[in-house]
Amino acid sequence: MNIIAVKNYEEMSKKAAEFIIDTVKTKPNAVLGMATGGTAVGTYKCLIQDFNQNKTSYKQAYTVNLDEYIGIDPEHEQSYHTYMDNHLFQHIDLPKNHQYIPNGNAKNLEAECKRYEEAIEALGGVDLQILGIGHNGHIGFNEPGTSFDSKTQVVELAESTRKANARFFEDLNEVPTQAITMGIATILKSKKILLLVSGKGKAEILQKLLTCDITESIPATALKKHPNVTIIADKEALSFLADTEMKVRMSV
Ligand code: F6R
């Protein structure tokens with residue numbers, strides 16, 4: 001895993017956006033794997049800024065989102081459909097029918113998971129997958145204990161994940177208990193992966209990820225099996241790393 005150390009959230013977002021823009025410029029019909037959550041918001045802001053200033057086009061590109069809550073409408077203000085629309089899609093020229101997000105309201109959820117997995121394959125797989133990380137090491141909504149062989153699946157959200165995401169809802173009771181998420185195997189099939197980590201709150205899990213062996217109890221450690229992962233982490237997120245020499249080398 002390559003690590004790019006940056007000063008703060010803004011720099012992390014700018015760097016991540018550069019990766020995405022480079023990917024689309026090199027391959028206009030690239031398939032971009034998208035994350036939601038607080039970490040990715042700044043990256044999408046930078047993409048919009050670049051779209052307005054430099055006219056980078058997404059007309060031929062595709063996006064596939066990692067996950068969606070089960071049991072709320074796509075129109076719900078906290079659905080990931082709405083998140084992507086508000087934070088990115090309505091501001092760029094990505095065609096509507098190139099935007100893939102699991103349908104958390106499907107009648108047959110198992111069939112929806114299968115359909116989503118096949119849709120990603122039919123697109124030729126993900127060229128660049130953006131990831132955030134949960135405090136418990138989840139990637140997508142694959143909580144600790146998830147099999148590394150998992151494909152797109154229905155999952156129960158960990159109580160800590162629901163609590164972390166309650167900041168976006170009026171009340172903890174409103175946070176869905178289940179989601180559809182790309183599995184770990186689905187994520188690992190991506191050609192290139194970019195993990196974004198920012199803030200003190202993520203320092204402990206980032207330290208664990210970088211120092212622990214590969215284990216299903218920390219889902220993000222699966223990334224160590226992938227040949228092309230870049231972590232962009234800011235100074236606060238890197239603050240639990242004991243190896244000061246490494247920090248100096250990374251010029252944090
Ligand atoms: C989002 C996702 C999650 C988040 C993670 C971090 O689509 O799959 O894994 O990336 O929960 O969330 P934030 O960025 O809000 O800290």
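These numbers come from a predicted model, not from an experiment.

Reading the values: the criteria
- Residues numbered from 1 in each chain as written.
- Predicted model: local features only at pLDDT ≥ 70, side-chain atom pairs only at ≥ 80, totals over all residues.
- Heavy atoms only, no water.
- Core = buried A, V, L, I, M, F, W, Y, C linked by side-chain atoms within 4.5 Å.
- Buried < 20%, exposed > 50% of the residue type's maximum accessible area, 1.4 Å probe, protein only.
- Contact = heavy atoms within 4.5 Å.
- Helix = DSSP H or I, 4+ residues; strand = E, 2+ residues; numbered from the N terminus.
- Polar contact = N/O pair within 3.5 Å; in protein donor to acceptor, adjacent residues only side chain to side chain.
- UniProt positions renumbered as here; feature names shortened; annotations may be inferred.
- Pairing = 2+ DSSP bridges.
- Axes fitted to C-alpha atoms, helices over the stretch in contact; angles between N-to-C directions.

A. Expanded view of the nonpolar core. Of all hydrophobic cores here, the largest spans 74 residues; its most connected members are Tyr-58, Leu-88 and Leu-223. Residue contacts for Leu-88: discarding those within four places in its chain leaves Met-34, Tyr-44, Leu-47, Ile-48 and Tyr-83.

B. Spatial organisation of helix H3 (residues 80-87). Every buried residue of H3 is listed here: Tyr-80, Thr-82, Tyr-83 and Met-84. Residues of H3 that are buried make contact with strand E2 (31-34), helix H2 (38-54), strand E3 (62-65), strand E4 (67-69) and helix H5 (159-165). One side-chain oxygen at the N-terminal end of H3 lies 3.3 Å from the backbone nitrogen of His-81; it belongs to Ser-79.

C. How the structure looks around the UniProt feature "active site" (unreviewed entry) in the protein. Using the residue numbers shown here, the UniProt feature "active site" (unreviewed entry) corresponds to Asp-67, Asn-136, His-138 and Glu-143. As for its position among the elements, Asp-67 is in strand E4. With a relative accessible area of 4%, Asp-67 lands in the buried category. Setting aside residues no more than four positions away along its own chain, Asp-67 makes contact with Thr-36, Tyr-80, Ile-101, Pro-102, Gly-140, Phe-141, Ile-180 and Thr-181. Mapped onto the secondary structure, Asn-136 falls in the loop between strand E6 (128-131) and strand E7 (153-156).

D. Structural detail: the sheet that holds E7. Pairing is antiparallel in the open sheet, where three strands are placed in the order E4-E8-E7. This sheet does not close on itself; its edge strands, each paired only once, are E4 and E7. Ignoring strand direction, the axes of neighbouring strands in this sheet form an average angle of 25 degrees. Bridge count between E7 and strand E8 (residues 178-181): four bridges; the pairing is antiparallel. Residue pairing across strands places Val-155 opposite Ala-179, the latter belonging to E8. On top of the sheet, helix H4 (residues 109-122) reaches E7 and E8; it is set at about 125 degrees to E7, its chief contact.

E. Structural detail: the UniProt feature "domain: Glucosamine/galactosamine-6-phosphate isomerase" (unreviewed entry) in the protein. With numbering matched to this structure, UniProt assigns "domain: Glucosamine/galactosamine-6-phosphate isomerase" (unreviewed entry) to residues 11-226. As a span, residues 11-226 carries 35% helix and 14% strand, and end to end its C-alpha atoms are 25 Å apart.

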